Each structure stands twice: as structure tokens, then as C-alpha cells.
Amino acid sequence: KIWGWGCCRRSSMRLFFGNYPNQAVLDLGGTLGNSACCGPVPPGSLISKGRPSASAIIVGLTIFISSINLLDTAITWGERSLALEHAAEMQAFCTRTNSEEACALEPCQAWTVDKRFNIAPTFCQEIYWETEKDIDCLRLAKKAPCCLGCNKGTYEDFTDEGTMATFKSLLSLLADVGTLLFTFTAARYALGFATASDYIDVLIKRRSKNAVQMETAKFDNTHPVCMDFMEHIFGIAGRRSAAAGIPSLETHGTVALDGDDGTKWSGVNNYELDNVTKDWEDYFAQELLVALDCRWTSKVKVPAKALGIAADEKVLAAWAELPLIPFNMSFLDFVSGGVLYDLLPFGTTRHAVIVTTRRVFYVRYRRPKIPLKFFGVALRVDCFRHDQDVWFGLMFRTKSSFLHKLIHEKIMREHFLPGVVAFQTRFGALQIARSHGDAIDVYHLVCQLSKNTSEFIDPDVLVKNGISWDRCQDKLETSLRKKSSTLYAIEPQPDDTVEPKPDIHLSHKKEQLVFHASFRDIGSTRSGRYTNTDVVITTGRVFFWQRDVYKKFDCQACCYWLCWWRAFLNPIFASRNLPNSCSFVTLPSLLSFSTDLSIDPPSWFEPHHQPLKCPCFEWLTHSITRCCLCERSPPDDAPPPKGRKCCSFCPRRSGPSATAKLMWRLRQSAHADNDFIIENNVRPFFAEEAPESDAEDIYNGLGLGSDQLEESRRIQGDQNHEEMVETMRKIMCVVQDQSDKILDKIEVMY
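Below: a short report on this structure. Just so it is clear, the structure is predicted and the values come from calculations on it, not from any experiment.

So, about the state of the cysteines. Tallied over the entire structure, the rule returns one disulfide. The disulfide partner of C103 is C147, and the gap between their sulfur atoms is 2.3 Å. Taking the sign of the torsion about the S-S bond as the criterion, the disulfide between C103 and C147, at about 75 degrees, is right-handed. Note that C103 is positioned in the loop between α2 (54-96) and α3 (105-114) and C147 in strand β5 (residues 146-148), a separation of 44 residues in sequence. Its relative accessible area of 6% is what places C103 among the buried residues. The exposure class of C147 is buried, given its relative accessible area of 0%. This cysteine, C559, is not joined by any disulfide, and C558 carries the nearest cysteine sulfur, 4.4 Å off. On the accessibility criterion, C559 (56% relative accessible area) is exposed.

Have a look at this one:
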């Protein structure tokens, strides 16, 4: 970090060992802006399920205690506000009283009883009739005689417990507010220090020599030496990783979201490599006066020498995270004075992320808006190792606010799909927030950073274990579309409307596609959405794509549709912004694969899975649903589903429904608090002996018409769920056998 004026510049370097530190520990030296877009996160936050960690318990208890304090303060000062309302009524007593008989103790007490005031008796004791002094009556806009004493009586009633007690209640309010702020801040930093790794600090100062202070070191000489030291340290670590079996990364051009070249302003390749600028002082001199942040000035200049990028270290991508209008700000940033970073004229912060074959650089540079050097500059560079050993990657789509959409999409004509990308290495987990750009490009970049395990399993070994290679390849040809030698697009389901639709980005040309499975999770009847999931297995990784879909209108579920789902409001919330996430894991990181099958009996509360079904009623409701959805009718010569007679009034019994849970257990980092488990549900799970009519009813309940069902069957290849799970088991058995062989080799070596 570098900060200060040119004559008294200061710099600090902090080196962490072992794993990524907590974000709170990194922010001890200052954030230089709001809403950091890159930083470490707890590994447990990358999965949505699992037992609560110690940090989550501490945060939960902190919120609980703070809520109790807030409730106590609200009740206390709610009573005070009621007392103020009574004070206004008590002041009105003196204003409305015009006779000496009414301005007495007994009439005052009768007035309080009539008004139902629960006030102290000292109020009426202070009331008196003034006959001489006009100056006191002028306060009530009257002349003598008048009724006085209401001010003092109100004060005595308000402080009936004593003046000291009132003063203590004021102090308790300040203490409660301070406790809330301090508790949140202390818990944040305590959790950071609890998980912090060992580190060392180096502080470098530049100051003028005088009679009192002597210059201990040359800033212009010491700072380049520190950068050279960091370059050599990371270079040695990278070469050791390469010697341990991590080959050099084979890079490919990042494919933009809309199919154009990757140098678009919202992509990750809009940068220029600068090998001329030697140090940051030269960089500050060139960047003192800069243009306004916009998409035409989003090109990043990467000072390779100033960042300490070695000659054998290649820059893969770089982009600037431009501020949104209005700027993003969390509540904590607002409380800590984050508005000053955006409103004051002497500084504005620019964020940039640079990814190389070894590291991730997060640069925050605050430069003056007015080109005057005495305003000073500030620079912070966070550097994280990855060593091409990313074994888990995740991307999920985030939704822009209405104001951001109005300004950026409608007025400024900018089109981008924001999101958050996270990945895990052996050092910890990193998260990159892309709020003003396309997150899918960052995800494709992370896919290239995975460890090169493209040939972890051999197709011949899969065939020997009973897997039909030709059948799997035929299925892949119908469900995936080839874009390039290492890029494949997943064919979306007919009901998919989310954006973006991710691609399968292979890390190497030798990595082959092995298997594809697509299934649904209809969820509970209380949810107005269901989930589509695609699983693609290659010879080196497993890819997941999960997205939500709105449940369409169904006549049998009209009560749920109106009351519980409130699906008539769905057109207000665009379906393309529904939760959409894609992830991948490397096969060597898989520890186990297991399935859990649960059987659920029919229920009267589930529209398409009731204990008894009347075929005539089923046909009638299905026809009404098709009519409401404006779907064309099936051909007249089309045979009815097996086991169903449309005109029969004889009820039939429904069979039980099954739910299969697929669980992928991954290896953990050394500092992880809980197990790393990825869960996927297949609901309903159809077996070979299950009646086909039950499956047809459930899919019709999702609002899928005949055309969509046929298209879905074409993409899924009429694959039975039992066959799908059995194929996954066989593949995972080969993966675990290969992992055991590698562990045996390691034991022999050591």
C-alpha cells in the first residue's frame, strides 16, 4: 500500500503465510473506497447447505443480543414519546383555563381523570393563578390574570423519577447505540483475527531530513527492492508448484457473452500491457489527470514492472470495475463515512482486477479529481496466489436494482449481466463481484485456471467398467452444441428463460466430454418455482448448471397459484433474473459420491399426487389448463397415455413418489469449518416400474405442453433416472480408483 503526498510518501507491505487472511484483517490498513469487488471469503459460504460454522454462530449471537438491546431501547423511548404527547396536552390546560376556580388542584385532577392521563400528582400541585405579572402570562399569549405552572408541572411529571434518572436514561440510549455499532465491528474483526494466518509487516517512509529527524532509508530505493523481493518469492513458489506436477496453463481466448470478441468494454480482455513504467511514482505522474469513468475509458493499463510480474508470468485478463450510478454502498460503508469517498473533490477510487498464470491482483487507486499534487494519492494492491490449482468454481447471477437498470440500460444504453464468481484453491476461497460487467466472462476465465487434470480418467477404463461409451456420446450430441475445440454450449430446456446461459469451457484440448444428465426438482407445493439441473462430466471435471423456472398456471393448483405462489405477479419480476448458478469441480477433489432415495406417500395437499385420481376430472382440468395457456390440442389420432382412460369415472390409486438426492463430497481447505458437499435433488424420481401416467401428470402440473415435453425428451434422450444414477455411480467408482492409485504412488514416494 502507498499513500501520502510526494514529499512524505509512505508505503507498507504485509506478507501472509499459509492461507488467505480474512477480509477484515486486510482492511485494517484502509479500504480506499466502498464495496470491494475482490477478496477472500470463508469456504463454507460457497455452499448453501451444511451445519453452521463457529463464525456463523458468533454472528448469530451478536445479532440476537443487538436485537434485544434495540428492542429495549425502542420500548424505553416509545414511552418517552408518549410522555411528550401528554406534555403537549398539559401545556394546553393552562392555555384553555380562563378562571381562577378552574385553575386549582381539584379541577386539575378531575381534568386529568377525564383525559385518562397517567401522570404524576406533582403536575397539579404546581398550578397557580397569576394576577400581577404580565411578563409570565405573555408566554401564553395572554395578559394577567392567567393560569401558570404548566411548564414546571410538565417537567416534574417528565422527571418524576428524578433528574438524575432522566439523565441516566439519555446515557443509556447513547450506550445502546454505541453497543450495537461496537458489537458488529468487534465481531467482524474478532472473526478476522481468529482465522488470520501468520504475517509480517514492512513499513517504508519518505520524509525530509532536519535537525530532529534523520532519514533512515531511501524510499525510492527501498520500495523497488521490496517489489523485487515479492516477485522472486512468488516466482519460487510458482516454480515449485510446476515441479510438483502442475503444468503450464494453455490459454484460450475468452468468449464474450454475445458471441463478439472478448475485448468489449464489459469483458475481461480490455487491457493494455505496460512494460515501460518502472515504478509507481512514474505511474502516478502519468495518471494524475484522468477522464471520467465510463465505458469508453474502461481500458486497463497493466504496469507489469510496478506490480512485480515476472518474465515467465503471463497476464491472462484484466478489467476495470467501473462505479455504478448511483454508487453501490452497504450500510457498514455508510456508517463508516463511505459517502466521503464519492462526494469529496480530492479523491475518487478506481478498482481493477488483473489475473495472471500465478496470481490475482486487486488494485485500488485513489487519484485526485483536480490535478494538484498536494491532494496526494493512495494505492492498495492485494495479491493472491492460485498457482493454477483451482479445484472448485462457482458463478451465480445477481440482479440490478431498478434505478441502475433505468440509468445504465435505458438511458446510457449499456447492456451487461452482473454476477458473483468465486473459486477455491488450497490457500482458501476468493470471490469476485462483477456489478458493472458480464460475470460469465469471469467464470470462463476461472474455468481456465483449474489444475490441468484433463486426462484424469481414461475412456477405455470406463468402457471396462460397464459404461456404454457410444450411448453417452450420442446423448452428448443431442444435448450439447460445439462452438470451438474447447467450448460447448448446453442446449437449454424449453422452459428455460434465465440469462446468461453458460458454456462448458474445457481447460485443454485433450479433455473429453463423457456424460450428460438433465433432471428437474419440482420442489414443494409451497414454492412457485422449480429447478432445472444439468450435470456434465468430462475426463477431468464435473460441471453443474442450476436455474429456477416459474411454475405456470395449473387448474388443479389454482388455489396455490393465487394465494400461495402469487404467480399473477410474475410478469412484474422478469424470469430472466431468476436464480441462476453454474459451477465446476475437478475430479481429483472428489472424495465421495452418494445417493439417497426417499419415498413419499400420496397427499391430498399435492394437486397431482393425491391418493385417489378420477380420470375424467384429470382430463377436464388438463383441458382447462391448456385452454388458459393457449396451447394447441394434440392430434386426434394421438393415443392417450398408458394406464389412463379419459372418460372413465372410476377412480384409481396413485403410487408413491420418490426423491433422489445426489451428494458430491469434496475435499476441504485446512481452515474450513464444515464439510464441502454439493447436493442435487431429482424430484420426482421415475423408476422403470413407475406408471407413466403419474409422470405425465406431474410434468403437466408444471405447465409443460406436449411440444415442450417432446423437446425435453429429445434433449434428455429418453434417459431413465435409474440408468442415469447408475452411470454416475460407475463413473465415480473409476474416479475414486484413480485417486487411490495416486495416493498409493505418494505413499511409495515418501
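There's plenty left to go through after this.
Next up on the list: unusual backbone geometry. With glycine set apart, most residues show a phi of negative sign, and most peptide bonds adopt trans. Note that the residue after E499, namely P500, is joined by a cis bond; omega there is -5 degrees. In this structure, the amide linkage connecting R683 to the following residue, P684, adopts the cis form with an omega of 0 degrees. In this fold, P684 is placed in the loop between β27 (676-682) and α19 (692-701). Backbone geometry places Q388, a non-glycine residue, at a positive phi of 60 degrees. By secondary structure assignment, the location of Q388 is in the loop between β12 (377-385) and β13 (392-397). One non-glycine residue, R413, adopts positive backbone phi at about 60 degrees. Along the chain, R413 turns up in the loop between α13 (402-411) and β14 (419-425).

Take the nonpolar core next. Counting 43 residues, the largest nonpolar core has W319, V353, Y443, I504 and L513 as its most contacted members. When residues of this core are assigned to their parent elements, the largest contribution, seven residues, is made by helix α14 (residues 439-448). Counting 41 residues, the second-largest nonpolar core is a separate cluster that includes C472, A517, W664 and I731.

Here S479 is to be found in helix α16 (residues 469-479). Taking relative accessible area as the criterion, S479 reaches 0% and is therefore assigned buried. A polar contact is formed between the side chain of S479 and the side chain of H516, at a distance of 3.1 Å.

Further remarks concern the packing of aromatic side chains. With the rule as written, the count across this model stands at 13 aromatic pairs. Here the aromatic residues Y20, F384 and F427 are joined through ring pairs into a cluster of three or more. Of note, R541 hangs over the ring of F584, and the distance from its end group to the ring centre comes to 5.1 Å. If you follow R547 out to its NZ or CZ, it ends over the ring of W545, 3.8 Å from the centre.

A few words now on the sheet that holds strand β21 (residues 541-550). Note: strands within a sheet are paired through backbone hydrogen bonds, in either parallel or antiparallel orientation. Across the sheet, eight strands lie side by side as β3-β15-β14-β13-β22-β21-β20-β19; this open sheet has antiparallel pairing. Either end of the sheet is taken by a strand with one partner, and the two such strands are β3 (38-41) and β19 (513-521). Sheet twist, expressed as the mean angle between neighbouring strand axes with direction ignored, is 15 degrees. Of the pairings in the sheet, the one linking strand β20 (residues 529-538) to β21 comprises nine bridges and is antiparallel in character. Counterpart to N532 in the pairing with β21 is R547. Packed onto the sheet, α14 meets β13, β14, β15 (428-434), β21 and β22 (580-586) and runs at close to 15 degrees relative to β14.

Procedures and definitions
- All residue numbers here refer to positions counted from 1 along the written sequence of the relevant chain.
- Local features in this predicted model are restricted to residues of pLDDT 70 or higher, and side-chain atom pairs are both shown and tallied only at a pLDDT of 80 or more, whereas totals for entire chains, interfaces and linings draw on every residue.
- Here the side-chain values reflect all heavy atoms present in the structure, with hydrogen atoms and water set aside.
- Cysteine sulfur atoms that come within 2.5 Å of each other are treated as a disulfide pair.
- Elements are defined by DSSP. Helices are runs of H or I of four residues or more, strands are runs of E of two residues or more, and each kind is numbered from the N terminus.
- The buried label goes to any residue with under 20% of its type's maximum accessible area, the exposed label to any with over 50%, and the partly exposed label to all in between, with areas taken from a 1.4 Å probe on protein chains only.
- As used in this record, nonpolar core signifies buried Ala, Val, Leu, Ile, Met, Phe, Trp, Tyr and Cys residues forming a set joined through side-chain atoms within 4.5 Å.
- Throughout this description, a polar contact denotes any pair of N or O atoms lying within 3.5 Å of each other; where both atoms belong to protein, one of them has to be capable of donating a hydrogen while the other can accept it, and for residues adjacent in sequence the pair is counted only when both atoms sit in side chains.
- The pairing test for Phe, Tyr and Trp rings, Trp by its six-membered ring, is centres within 6.5 Å, and the orientation test on the planes gives stacked under 30 degrees, edge-to-face over 60, and tilted for anything in between.
- Lysine and arginine charges are scored as sitting over a ring when NZ or CZ, respectively, is within 6 Å of the ring centre and within 35 degrees of the ring normal.
- When DSSP finds two or more bridges between two strands, those strands count as paired.
- To get an axis, fit a line to the C-alpha atoms, keeping to the stretch in contact for a helix; angles then go from 0 to 180 degrees between the N-to-C directions.
- Only heavy atoms enter the contact rule, under which two residues are in contact if any of them lie within 4.5 Å.

Function-wise, these values are silent; they only describe arrangement.
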